[in-house]
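In case you want the letters, here they are:
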Amino acid sequence: MNATDRTPADLLRSALAADPARPLVTFYDDATGERVELSVATFANWVAKTANYLQGDLAAAPGDRLALLLPAHWQTAVWLVACSSVGVVAEVGGDPAAADLVVSGPDTLEAARACSGERVALALRPLGGRFPQPPAGFADYAVEVPGQGDRFAPFVPVDPGAVALAVDGEELTGTDIGERAAADAAAAGMPGAPRVLSGLPYDTWQGLSYGLYAPLATGGSVVLCRHLERLEADGTTAREADEKITHRAPLPAS
């Protein structure tokens, strides 16, 4: 974390400048067997495309509220940093009826219909695949985003002191996110440039910190596991060895 880094978007830019080829997010879905690994450069490319889509096609502006109805997933991580890049407030599990726009996974489409603004749906299929049949009333993220630009510049400079994230009843600014994530890493005893394994959901700050922000703030990477509880103990141990894990998040609450 450089002295000038204040927001998650700043942290990503520094990571890209330092070592674009290193892994940043490795995602497992233990219900489907999916594994995908994104380098810093690949993750940053997805963020740029998503931020361009958010700012351009969806006409989102700083201060707008986006209800983010997605599980812990690599595409959710992309959306979180894209929102930070534009200045949009990412409301994790937020109320679609009160939001300016909504981004939903396949399991929350009915709830997401309460949003009167733009609606985007993610199929959450392997390799970012699209819906076999696009859900009515939603734009399919996998259709809309690939053609977006690979570089992003905000129309309006993002204020690092503005609210950037709402999760579990708490609101944090862009600066808060970076500082708190770095403090979390230190308090948890993470080594330098940690390789963190997390099976925590993204519906709390703890889950977001272990599963994205703390590794990003410390020059590390995350192995993000959805449905980790489906692995036997020896399977988890094997994954830690295979992925060269240096720090493990607390187990999800049962």
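Residues numbered from 1 in each chain as written. Predicted model: local features only at pLDDT ≥ 70, side-chain atom pairs only at ≥ 80, totals over all residues. Heavy atoms only, no water.

**With respect to the confidence of the model for the protein chain**
Where we set the bar: One number per residue, pLDDT, summarises how confident the predictor is, and it ranges from 0 to 100. In this description a helix means any DSSP run of H or I spanning at least four residues, a strand means any run of E spanning at least two, and both kinds are numbered starting from the N terminus.
Here the protein chain averages 96 in pLDDT, and 98% of its residues register 70 or above. Mean pLDDT across the elements of the protein chain ranges from a minimum in helix α8 (residues 233–242), with 95, to a maximum in strand β3 (residues 65–69), with 99.

**Focus: the environment of leucine 228**
To keep it simple, the criterion reads: A simple rule labels every residue: compare its accessible area, found with a 1.4 Å probe on the protein chains alone, to the largest value its type can have, and call it buried under 20%, exposed over 50%, or partly exposed in between. In what follows, residue pairs with any heavy atoms lying within 4.5 Å of each other are defined as contacts.
The residue leucine 228 is located in the loop between β11 (221–226) and α8 in this model. Residue classification places leucine 228 among the buried residues on the basis of a relative accessible area of 7%. Along the backbone, leucine 228 and tyrosine 28 are 200 residues apart, and their C-alpha atoms lie at a distance of 8.3 Å. For leucine 228, the residues in contact, after removing those within four places along its chain, are Asp30, Leu197, Gly199, Thr236, Arg239 and Arg248.

**A look at the packing of helix α3 (residues 74–86) against helix α7 (residues 205–217)**
The axes of two packed helices give the description: the angle between them and the distance between them. Put simply, the rule is: Here, axes are lines fitted to C-alpha atoms. For helices the fit covers the stretch in contact, and angles between N-to-C directions go from 0 to 180 degrees. Any angle from 65 to 115 degrees is called roughly perpendicular, while one under 35 is roughly parallel, one over 145 is roughly antiparallel, and all others are oblique. Throughout, the ten residues Ala, Val, Leu, Ile, Met, Phe, Trp, Tyr, Cys and Pro are labelled nonpolar, Asp, Glu, Lys and Arg are labelled charged, and all others, Gly among them, are labelled polar.
Taken N-terminus to C-terminus, the directions of α3 and α7 make an angle of 75°; their axes are 11 Å apart at the nearest point. The orientation of α3 relative to α7 falls into the category roughly perpendicular. Taking contact as the criterion, the partners of Ala77, Leu80 and Val81 in α3 are, on α7, Leu208, Leu212 and Tyr213. Of the residues assigned to the contact of α3 with α7, the class counts are six nonpolar, no polar and no charged.

**Examining the nonpolar core**
Nonpolar side chains tend to gather and get buried jointly when the protein is soluble and globular. Filter applied, for reference: Among buried residues, those of type Ala, Val, Leu, Ile, Met, Phe, Trp, Tyr and Cys that are joined through side-chain atoms within 4.5 Å constitute a nonpolar core.
Core analysis: the biggest nonpolar cluster contains 55 residues, and Phe43, Leu54, Trp79, Leu80 and Leu165 have the highest contact counts within it. When residues of this core are assigned to their parent elements, the largest contribution, nine residues, is made by α3. If sequence neighbours within four positions are ignored, tryptophan 79 has contacts with Thr50, Tyr53, Leu54, Leu58, Leu66, Leu68, Leu70, Val103, Val120, Leu122 and Tyr141. Among the nonpolar cores identified, the runner-up in size contains 11 residues, and Ala67, Leu109, Ala112 and Ala121 belong to it.

**So, the pattern of salt bridges**
Any two side chains of opposite charge can pair, given that their charged atoms come close. Worth spelling out the cut-off: In the sections that follow, a salt bridge refers to a side-chain nitrogen of Lys or Arg positioned within 4 Å of a carboxyl oxygen of Asp or Glu.
One pass over the structure, following the stated rule, counts 13 salt bridges. One salt bridge in this structure joins glutamate 37 and arginine 195, with 3.5 Å as the shortest N-O distance. In this pair, glutamate 37 sits in strand β2 (residues 34–39) while arginine 195 sits in strand β10 (residues 195–198), placing the two residues 158 residues apart along the sequence. Its relative accessible area of 37% is what places glutamate 37 among the partly exposed residues. Classification of arginine 195 as buried rests on a relative accessible area of 11%. Arginine 248 is the partner of glutamate 240 in a salt bridge, and the nearest nitrogen-oxygen pair spans 2.9 Å. What makes glutamate 240 partly exposed here is its relative accessible area of 25%.

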